[in-house]
Amino acid sequence: MYTKAIYPISTVVRWTRRYLFFFVLLSLVPVILYEVVDWKWLHLPWLPIGLVGMALAFISGFKNNASYGRLWEARKIYGGIVNTSRLLATMVNDFITNEYAKEAKTDEEFFKIKKTIIMRHVAWMTALRHALRVKKNWETTVSNLSDKEHMKAIKVREYEHTLKEELAGYLSDEERDQILSKTNKQTACLNLQSSHFKQLKLNGYIDNFRHVEFKNIIGELLTLQGQAERIKNFPYPRQFATLNLFFVWIFIFLLPLGLMHEFDKIGYALLEHENVNVLHLFFAKNFVWLTIPFSIVISWIFMLMERVGDVSENPFEGMSNDIPITTISRAIEIDIREMIRDDKNEIPKAHPEYSNTQM
């Protein structure tokens with residue numbers, strides 16, 4: 001995730017440059033026809049175009065607010081995963097004992113049990129983030145050329161490594177094959193975890209109360225998983241997204257036709273000035289050409305609002321403003337493995353903050 005104070009203007013312009021090129025053409029052609037070819041009839045009154053712009057601003061604001069809501073909900077979900085994972089690690093440390101055991105185990109044997117549970121939890125996070133990175137037809141990195149190009153500068157781990165590769169070392173071969181054979185692999189991980197807790201209860205290493213608490217943790221993880229899957233699998237309603245895009249383009253096409261006549265009237269007003277000089281005369285004859293830069297800037301602003309809403313709709317794609325689920329998952333792994341006192345040499349390093357390299 002991009003975490004610096006602001007985006008450089010060069011980055012924003014590069015991201016939207018295809019639109020800027022089109023805006024130049026879209027504003028240049030009407031002005032040439034109006035001023036050079038002398039098609040003075042080629043204009044529209046500004047009032048209805050201004051009303052369209054006001055309505056569009058409200059619609060874009062609604063879309064961006066809804067898109068931000070999806071983004072923020074996704075961040076809260078992963079905040080819940082952080083907290084629940086830490087709680088699981090504390091319970092694994094304190095709840096699994098010889099107190100009611102049929103056959104006592106050594107500290108070393110308990111550590112292996114604890115590490116198995118923690119590593120299986122990391123496998124669950126790994127399977128979940130791979131599921132959240134699966135491309136959907138409505139996502140912008142599938143259809144938008146600018147976003148596809150932007151993604152080339154970002155190294156998303158889930159697109160560079162398969163789930164099978166990433167599960168290596170976290171599960172036994174048998175468990176890994178079993179999980180990979182399922183449709184919903186993250187649910188399969190939790191199912192294995194639940195079965196393990198049941199076996200620990202039957203062997204007396206956790207009592208009934210502790211078993212219930214572990215089951216509650218499984219339930220909370222399933223809830224968080226379901227919430228993340230809901231955002232991933234249910235897009236921002238297409239009717240709202242489509243209408244907003246159509247309205248933006250209608251406004252952009254109409255914009256230069258309304259600005260031309262307004263700037264032309266300002267030019268004529270300069271000619272009526274009492275002390276007309278050469279400078280006044282020059283501006284009066286060429287004021288209509290200011291339509292081009294103003295049209296480009298206004299069009300760019302509205303399209304940029306539309307694009308920001310687009311890329312915020314799907315917070316798990318891997319774009320620079322999405323939730324850094326790979327980085328968060330690695331941070332959780334480090335925390336919970338340290339909590340069970342795993343070997344520091346075996347614990348992986350944290351991922352760097354997003355800087356066009358890692359999500």
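Not measured: the values here are computed from a predicted model. Sequence positions are assigned chain by chain, starting from 1 and proceeding in written order. Local features in a predicted model are, by the rule used here, given only for residues with pLDDT of at least 70; side-chain atom pairs are given and counted only at 80 or more, and totals for whole chains, interfaces and linings are based on all residues. Calculation of side-chain values draws on the structure's entire complement of heavy atoms; hydrogens and water are dropped beforehand.

Visitor: How should I be thinking about the pattern of salt bridges in this particular structure?
Guide: Close approach of charged atoms lets side chains of opposite charge pair. Note on definitions: salt bridges are taken to be side-chain nitrogens of Lys or Arg within 4 Å of carboxyl oxygens of Asp or Glu. In the structure shown here, the tally under the stated rule is 24 salt bridges. We note a salt bridge from Glu 306 to Lys 63, for which the minimum N-O separation is 2.9 Å. Here Glu 306, found in helix α14 (residues 291-313), pairs with Lys 63, found in helix α3 (residues 46-95); they are 243 residues apart in sequence, far enough to count as distant. Note on accessibility: Glu 306 and Lys 63 belong to one class, buried. A run of DSSP states H or I qualifies as a helix once it reaches four residues; a run of E qualifies as a strand once it reaches two. Both are numbered from the N-terminal end. For every residue, the accessible area obtained with a 1.4 Å probe (protein chains only) is divided by the maximum for its type, and the residue is called buried under 20%, exposed over 50%, and partly exposed between those limits.

Visitor: Would you mind showing me how to read the nonpolar core here?
Guide: Looking at soluble globular proteins, one finds that nonpolar side chains tend to be buried together. The nonpolar core is taken to be a set of buried Ala, Val, Leu, Ile, Met, Phe, Trp, Tyr and Cys residues, with the residues joined through side-chain atoms within 4.5 Å. In this structure, Tyr 78, Ile 81, Ile 96, Trp 124, Leu 200, Phe 214 and Phe 316 are the most contacted members of the largest nonpolar core, which totals 51 residues. For this core, the elements supplying multiple residues, two or more each, are α3, α4 (107-132), α8 (163-167), α10 (185-202), α11 (208-233) and α15 (325-339). Top contributing element to this core by residue count: α4, with 12 residues. The contact partners of Ile 96, leaving out residues within four places of it in the chain, are Met 91, Phe 110, Ile 113, Lys 114, Ile 117, Leu 200, Tyr 205, Ile 206 and Phe 214. Judged by nonpolar contacts, the second largest core, of 32 residues, contains Tyr 19, Phe 251, Leu 255 and Phe 287. What makes two residues a contact is simply this: any of their non-hydrogen atoms within 4.5 Å.

Visitor: Whenever I open this one, the packing of helix α2 (residues 17-36) against α14 confuses me. Can you help?
Guide: Between two packed helices, what matters for the description is the angle formed by their axes and the separation of those axes. With their axes 9 Å apart at the nearest point, α2 and α14 run at an angle of 145° to one another. Judged by the sense of rotation from one axis to the other, the crossing of α2 with α14 is right-handed. Of the residues in α14, those in contact with Tyr 19, Leu 20, Phe 23, Val 24, Ser 27, Leu 28 and Val 31 of α2 are Thr 291, Ile 292, Ser 295, Ile 296, Ser 299, Trp 300, Met 303 and Arg 307. Residue classes in the contact of α2 with α14 are distributed as 10 nonpolar, 4 polar and 1 charged. Helix axes are fitted only over the stretch in contact, all axes being lines through C-alpha atoms; the angle between N-to-C directions runs from 0 to 180 degrees. When the near helix sits turned anticlockwise from the far one by under a right angle, the crossing is termed left-handed; a clockwise turn instead gives a right-handed crossing. Side-chain classes are defined by residue name, with Ala, Val, Leu, Ile, Met, Phe, Trp, Tyr, Cys and Pro counting as nonpolar, Asp, Glu, Lys and Arg as charged, and the others, Gly among them, as polar.

Visitor: I keep staring at the confidence of the model for the protein chain and nothing clicks. Help me out?
Guide: Should pLDDT be low for a region, the predicted coordinates there are not to be read in detail. Model confidence for the protein chain is summarised by a mean pLDDT of 89, while 92% of its residues fall at 70 or above. Below a pLDDT of 50 lies the segment residues 354-359, which in the model reaches 29 contacts outside its immediate sequence neighbourhood of four places, other chains included. Confidence scores here are pLDDT values: one per residue, from the predictor, ranging 0 to 100.

Visitor: I keep staring at a nonpolar patch on the surface and nothing clicks. Help me out?
Guide: Every patch collects residues that have over 30% relative accessible area and no salt bridge, joining them within 9 Å if they carry like charges and within 5 Å if they are nonpolar side chains (Val, Leu, Ile, Met, Phe, Trp, Tyr). The Shrake-Rupley method, run with a 1.4 Å probe, gives the accessible areas here. Residue values count only the displayed protein chains as cover. Taken together, the side chains of Val 24, Leu 28, Ile 32, Val 36, Val 37, Trp 39 and Trp 41 present a nonpolar region at the surface, about 620 Å² in accessible area. Its place among the elements puts Val 36 in helix α2. In this structure Val 36 comes out as exposed when scored by relative accessible area, which is 56%.

Visitor: Looking at this structure, how should I read the packing of α3 against α15?
Guide: Between α3 and α15, whose axes approach to 9 Å, the crossing angle comes to 15°. With respect to each other, α3 and α15 are oriented roughly parallel. Of the two elements, α3 crosses α15, and the hand of that crossing is right-handed. Each of Arg 75, Tyr 78, Ile 81, Val 82, Ser 85, Arg 86, Ala 89, Thr 90 and Asn 93 in α3 lies in contact with α15, whose residues at this interface are Ile 325, Ile 328, Ser 329, Ile 332, Asp 335, Ile 336 and Met 339. Along the lines of polarity and charge, the residues of the contact of α3 with α15 split into 9 nonpolar, 4 polar and 3 charged. The labels follow the angle: roughly parallel below 35 degrees, roughly antiparallel above 145, roughly perpendicular from 65 to 115, and oblique for the rest.

Visitor: Any chance you could explain unusual backbone geometry here in plain terms?
Guide: Most peptide bonds are trans, and most residues other than glycine sit at a negative phi. Phi angles above zero are rare outside glycine, and Asp 38 is one such case at about 70°. Relative to the helices and strands, Asp 38 is located in the loop between α2 and α3. Within the chain, Arg 341 stands out as a residue other than glycine whose phi angle is a positive 65°. With respect to the element layout, Arg 341 can be found in the segment after α15.

Visitor: For this particular structure, what's the right way to read the packing of aromatic side chains?
Guide: By convention here, two paired aromatic rings are described through the distance between centres and the angle between planes. Only centres within 6.5 Å qualify two rings of Phe, Tyr or Trp (six-membered ring in Trp) as a pair; their planes then separate them into stacked at under 30 degrees, edge-to-face at over 60, and tilted for everything else. If you walk through the whole model with that rule in mind, you get 15 aromatic pairs. Aromatic side chains Phe 22 and Phe 253 sit 6.2 Å apart centroid to centroid with 75° between the ring planes, which places their arrangement in the edge-to-face category. Note that Phe 22 is positioned in helix α2 and Phe 253 in helix α12 (residues 238-271), a separation of 231 residues in sequence. A residue is classified by how much of its surface remains accessible, and Phe 22, at 33% relative accessible area, is partly exposed. Through a chain of ring-to-ring contacts, three or more aromatic side chains come together here, namely Tyr 19, Phe 22, Phe 23, Trp 249 and Phe 253.

Visitor: It is not clear to me how the environment of Gly 169 should be interpreted in this structure. Could you clarify?
Guide: Relative to the assigned elements, Gly 169 resides in the loop between α8 and α9 (173-180). Judged by relative accessible area, Gly 169 falls into the exposed class, the value being 60%. Considering only alpha carbons, one finds Gly 169 and Ala 123, 46 residues apart in sequence, at a separation of 9.3 Å.

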